[in-house]
Number of protein chains: 2
Amino acid sequence: MAVGFRGRKSKGSKAERDLIHLFWSKGFAAMRAAGSGSTQHPSPDILVGDGKHFFAFEVKSSKDKTKYLTKDEITQLDLFANSFGARPFVAIKFDSEKWYFLRLTDLRVTKKNYVVTLNLAKKKGLTFEELIGKYKQRRLS
Amino acid sequence: MAVGFRGRKSKGSKAERDLIHLFWSKGFAAMRAAGSGSTQHPSPDILVGDGKHFFAFEVKSSKDKTKYLTKDEITQLDLFANSFGARPFVAIKFDSEKWYFLRLTDLRVTKKNYVVTLNLAKKKGLTFEELIGKYKQRRLS
């Protein structure tokens, strides 16, 4: 059924490894998912936690200023995150730009796809510091 | 440094897939880790959550009645679990037996390794139902 939904992903992408290093360096534990077809269940690319906050990421990098995601990728990410108890985000790295983290409701929807442009990412996305800071602030309240 | 600590693992083990199915069938989300050498950071074989309870597993199967684990495997599992906010267990499936889940403190220690025998698993390990039931009960209190 969902066997193929991770099929197009680069299994060992540098972006994923970079993001994992970034989270570990800030006191989070981060885990990369097994490659495509590993099970027929949904899986994010990366799962992150620090005992209080849990994030599930679909990770994308792009040389262009527009990146497409399939509806299935987003549906599966949302499904996994809801079951696991993590906040789902699309983590996107455009060349020469910072990481941006987009909530699924902030993605642009077309007939067949979800779309993230660099503009949208800058407008709606959280930076890494905001993602961490945001939830760190909430911890205090 | 820790690059090699997953090296001896069977990447696509049937045991891991079976365990993932089992957890999904009970309302947990379960994720398999990427294979060895994926990053230099620690990683469990499987990470499981249901919004309230988070488990990190080192997964083993055995045709014999004795299974060895390296100290490094256990150290890394513990490190990951503590950082992430999950309870670490060794999940072990001896041929023709149920799954047993052992707390790290219940493993037998030798000079060089940790050891799980079938006897120890039956005596100290939790069954799947106990693992789930235990934490479900705690949820009510």
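Look a little higher up for the structure.
If you're wondering where the values come from, they're calculated on a predicted model, not measured in any experiment. (Residues numbered from 1 in each chain as written. Chains lettered and ligands numbered in written order. Predicted model: local features only at pLDDT ≥ 70, side-chain atom pairs only at ≥ 80, totals over all residues.)

**Notes on the overall build of chain A**
Turning to step 1, where the next piece is worked out: Along its length, chain A carries 4 helices and 8 strands.
Turning to step 2, where the next piece is worked out: Helices (α) and strands (β) of chain A occur, in sequence order from the N terminus, as α-β-β-β-β-α-β-β-β-β-α-α.
Turning to step 3, where the next piece is worked out: Across the 141 residues of chain A, 41% fall into the buried class. (Helix = DSSP H or I, 4+ residues; strand = E, 2+ residues; numbered from the N terminus. Buried ≥ 20, exposed ≤ 12 C-beta atoms within 10 Å, placed from the backbone.)

**Section: the relation of the copies chain B and chain A**
Both copies of the chain are tied together by a single rotation about an axis and a shift running along it.
Turning to step 1, where the next piece is worked out: Of the transformation placing chain B onto chain A, the axial shift is 0.0 Å and the rotation is 180°, giving an RMSD of 0.0 Å. Read as a symmetry element, the transformation amounts to a two-fold axis. Scanning chain B for the C-alpha nearest the rotation axis identifies Ala34(B), at a separation of 1.9 Å.
Turning to step 2, where the next piece is worked out: Comparing contact sets, 100% of the residues at the interface of chain B also lie at the interface in chain A, consistent with an isologous, same-surface contact. (Least-squares fit on C-alpha atoms with pLDDT ≥ 70 in both. Contact = placed C-beta atoms within 7 Å.)

**Here we look at the interface of chain B and chain A**
The parts lose accessible area when they come together, and the size of an interface is often stated as this lost area.
Turning to step 1, where the next piece is worked out: Contact residues are listed per partner, giving 25 residues for chain B and 25 residues for chain A.
Turning to step 2, where the next piece is worked out: Residue composition of the side of chain B that touches chain A, by class: 11 nonpolar, 10 polar and 4 charged. (Nonpolar A, V, L, I, M, F, W, Y, C, P; charged D, E, K, R; others polar.)

**A word on unusual backbone geometry**
Turning to step 1, where the next piece is worked out: Backbone geometry places Ser96(A), a non-glycine residue, at a positive phi of 65°.
Turning to step 2, where the next piece is worked out: One can find Ser96(A) in the loop between strand E5 (87–94) and strand E6 (99–103).

**Here's the deal with helix H1 (residues 14–25) of chain B**
Residue and element names in this part refer to chain B.
Turning to step 1, where the next piece is worked out: With 12 residues, H1 extends 16 Å between its outermost C-alpha atoms, agreeing within 8% with the 16 Å of an ideal straight helix rising 1.5 Å per residue.
Turning to step 2, where the next piece is worked out: Turning to H1, its buried residues are Glu 16, Leu 19, Ile 20 and Phe 23. End-on, the buried residues of H1 take up no more than an arc of 100°, which puts them together on one face. Of the exposed residues in H1, those oriented more than 90 degrees away from the buried face are Lys 14 and Ser 25.
Turning to step 3, where the next piece is worked out: Buried positions along H1 lie against strand E1 (29–32), strand E2 (46–49), strand E3 (54–62), strand E5 (87–94) and strand E6 (99–103). (Expected span 1.5 Å × (residues − 1). Arc of directions from axis to C-beta.)

**A look at the environment of Val90(B)**
Residue and element names in this part refer to chain B.
Turning to step 1, where the next piece is worked out: Secondary-structure assignment places Val 90 in strand E5.
Turning to step 2, where the next piece is worked out: In this structure Val 90 comes out as buried when scored by C-beta crowding, with 25 C-beta atoms within 10 Å.
Turning to step 3, where the next piece is worked out: As a C-alpha pair, Val 90 and Leu 104 span 14 residues in sequence and 7.0 Å in three-dimensional space.
Turning to step 4, where the next piece is worked out: Apart from the residues lying within four places of it in its own chain, the contact partners of Val 90 are Glu 58, Lys 60, Leu 69, Leu 102, Leu 107 and Val 116.

**Here we look at the sheet that holds strand E8 (residues 113–117) of chain B**
Residues and elements named next belong to chain B.
Turning to step 1, where the next piece is worked out: The 3 strands lie next to each other as E4-E8-E7, forming an open sheet whose pairing is antiparallel. The open sheet has two free edges, formed respectively by strand E4 (66–70) and strand E7 (108–109), since each of these has just one partner strand.
Turning to step 2, where the next piece is worked out: Contacts between helix H2 (residues 71–84) and the sheet are confined to E4 and E8, with E4 contributing the most and set at about 65° to the helix. (Pairing = 2+ DSSP bridges. Axes fitted to C-alpha atoms, helices over the stretch in contact; angles between N-to-C directions.)

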